[in-house]
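What follows is the residue order along each chain.
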Amino acid sequence: MLTIKELDEFEQALKSGRIEADFEFGNEQQRYDILELLQKLMDVADTADEVASKIIYRGLQKPREA
């Protein structure tokens, strides 16, 4: 499983422009790999949203303990 640290590092690479620079100056294979990585990240984010919604919904369905 990914760690929060790894996700933070990837987020920083995105925010800093490093990924864009890698794409701009990369060869054809590197550009393809970056686009594949970003697409996979978006797909995983969609799945994470679905799972989080299910977890939250189930949590709301259970009676709270006093």
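Within each chain, residues carry numbers counting from 1 in the order of the written sequence. Owing to the predicted nature of the model, reporting of local features is limited to residues with pLDDT of at least 70; listing and counting of side-chain atom pairs is limited to 80 or more, with chain, interface and lining totals taken over all residues. Just so you know, side-chain values use all the structure's heavy atoms and leave hydrogens and water out.

Student: Is there a simple way to explain the confidence of the model for the chain in this structure?
Tutor: When pLDDT is low, close inspection of the predicted coordinates is not appropriate. Averaged over the chain, the pLDDT score is 93; the fraction of residues at 70 or greater is 95%. Per residue, pLDDT captures the predictor's confidence, and it can take any value from 0 to 100. Secondary structure elements follow DSSP: runs of H or I no shorter than four residues count as helices, runs of E no shorter than two count as strands, and numbering proceeds from the N terminus. Least confident of the elements in the chain is helix α3 (residues 28-61), whose mean pLDDT is 95; most confident is helix α2 (residues 18-25), at 98.

Student: Looking at this structure, I do not really get the packing of aromatic side chains. What am I missing?
Tutor: Geometrically, a pair of aromatic rings is defined through the distance of the ring centres and the angle of the planes. Planes of paired rings set the category: under 30 degrees apart is stacked, over 60 is edge-to-face and the rest tilted, where pairs are Phe, Tyr or Trp rings (Trp by its six-membered ring) whose centres lie within 6.5 Å. In the structure shown here, the tally under the stated rule is 0 aromatic pairs. Should the NZ of a Lys or the CZ of an Arg lie within 6 Å of a ring centre and within 35 degrees of the ring normal, that charge is described as sitting over the ring. Of note, R31 hangs over the ring of F23, and the distance from its end group to the ring centre comes to 4.9 Å.

Student: Is there a simple way to think about the layout of surface pockets in this case?
Tutor: Unfilled space is identified by rolling a water-sized probe across the atoms. Its volume calculated, the largest pocket comes out at about 200 Å³. If you trace the largest pocket, you find it lined by L2, E6, L7, F10, L37, K40, L41, V44 and A45. Among the elements of the structure, α1 (4-16) and α3 are those that each provide at least two residues to the lining of the largest pocket. For the lining of the largest pocket, the element with the highest residue contribution is α3, accounting for 5 residues. Along the lines of polarity and charge, the residues of the lining of the largest pocket split into 7 nonpolar, no polar and 2 charged. Grid points spaced at 1 Å over the protein atoms alone were grouped into cavities, where a 1.4 Å probe fits but cannot get out, and pockets, open sets with protein on both sides within 12 Å along at least five of seven lines, with lining residues defined by an atom within 4 Å of a point. Grid points are joined across faces, edges and corners, and a volume is the space filled by probe spheres set on the points. Throughout, the ten residues Ala, Val, Leu, Ile, Met, Phe, Trp, Tyr, Cys and Pro are labelled nonpolar, Asp, Glu, Lys and Arg are labelled charged, and all others, Gly among them, are labelled polar.

Student: For this particular structure, what's the right way to read the pattern of salt bridges?
Tutor: Close approach of charged atoms allows side chains with opposite charge to pair. Only one rule defines a salt bridge in this text: a Lys or Arg side-chain nitrogen within 4 Å of an Asp or Glu carboxyl oxygen. Under the criterion given, the structure shown has 2 salt bridges. Between K5 and E9 there is a salt bridge, with the nearest N and O atoms lying 3.8 Å from each other. Remark: E9 and K5 occur in helix α1; sequence separation between them is 4 residues, near one turn of the helix. Classification of residues uses two cut-offs on accessible area relative to the type maximum, computed with a 1.4 Å probe and protein chains only: under 20% is buried, over 50% is exposed, and between them is partly exposed. K5 gets classed as exposed once you look at its relative accessible area, which sits at 59%. Residue classification places E9 among the partly exposed residues on the basis of a relative accessible area of 46%. K15 serves as the salt-bridge partner of E11, at 3.2 Å between the closest nitrogen and oxygen.

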